[in-house]
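As a plain string of letters, each chain reads:
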Amino acid sequence: MTVDEGQDEARGLGSRAPEFIKARRVLHLSWQVGVFIVGLAVVVAGAAMLVLPGPGWVVIFGGMAIWATEFVWAQLVLRWTKRKVTEAAQRALDPKVRRRNIILTTIGVVIVAALAGVYLWKFGLQMPWKIEDQ
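1. Some remarks on the overall build of the protein chain
Within the protein chain, the secondary structure is distributed over 6 helices and 0 strands. Pairs at least 24 residues apart make up 44% of the contacts formed inside the protein chain by residues separated by at least 6 positions. Here the protein chain displays about 10500 Å² of accessible surface, and carbon together with sulfur accounts for 70% of that area.

This is the structure in structure tokens:
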């Protein structure tokens, strides 16, 4: 075991493949290719779900978690993402930020309600286009 491998294991980074797979280079490379392909399929499915119905971001992070079982770069991305999400959650709990978010949401709702009121006053419940013509 090299010094770098020892440091990676101490930090929890690196391959999580079974030892008998890591002991054989060809088998380990095949394992990594398989993990990459499965993770890529899951990430692509998640990307498709961003525009189609489905939990896109959850599936993308699931694919990243699959990659993180084998690749250090994915482990580092997931650690960074978890840290940023935790920081954002802590900021959202700050009373000043919550108050600001509530005020901005209220202003947005009032603007949307005013626009809807103007539209209904001007056009009524009738759509500005005729569906039968299309």
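Next comes the rest of the write-up.
2. A few points about the packing of helix α4 (residues 56-68) against helix α5 (residues 72-92)
Between α4 and α5, whose axes approach to 7 Å, the crossing angle comes to 135°. In terms of their interaxial angle, α4 and α5 are classed as oblique. Considering the relative orientation of α4 and α5, their crossing is left-handed. Every residue of α5 that contacts α4 at F61, M64, A65, W67 and A68 is listed here: W73, A74, Q75, V77, L78 and T81.

3. Re the pattern of salt bridges
This model, assessed by the stated rule, comprises 1 salt bridge. Salt-bridge contacts for K84 lead to E87; the nearest nitrogen and oxygen are separated by 3.8 Å. Here the residue K84 and the residue E87 both occupy positions in helix α5, the gap between them amounting to 3 residues, near one helical turn. On the basis of relative accessibility, which here comes to 36%, the residue K84 falls in the partly exposed class. On the accessibility criterion, E87 (33% relative accessible area) is partly exposed.

Reading the values: rules and limits
Residues numbered from 1 in each chain as written. Predicted model: local features only at pLDDT ≥ 70, side-chain atom pairs only at ≥ 80, totals over all residues. Heavy atoms only, no water. Helix = DSSP H or I, 4+ residues; strand = E, 2+ residues; numbered from the N terminus. Contact = heavy atoms within 4.5 Å. Areas by Shrake-Rupley, 256 points an atom, 1.4 Å probe, with all protein chains shown as cover. Axes fitted to C-alpha atoms, helices over the stretch in contact; angles between N-to-C directions. Parallel < 35°, antiparallel > 145°, perpendicular 65-115°, else oblique. Left-handed = near helix turned anticlockwise from the far one by under 90°. Salt bridge = Lys/Arg side-chain N within 4 Å of Asp/Glu carboxyl O. Buried < 20%, exposed > 50% of the residue type's maximum accessible area, 1.4 Å probe, protein only.

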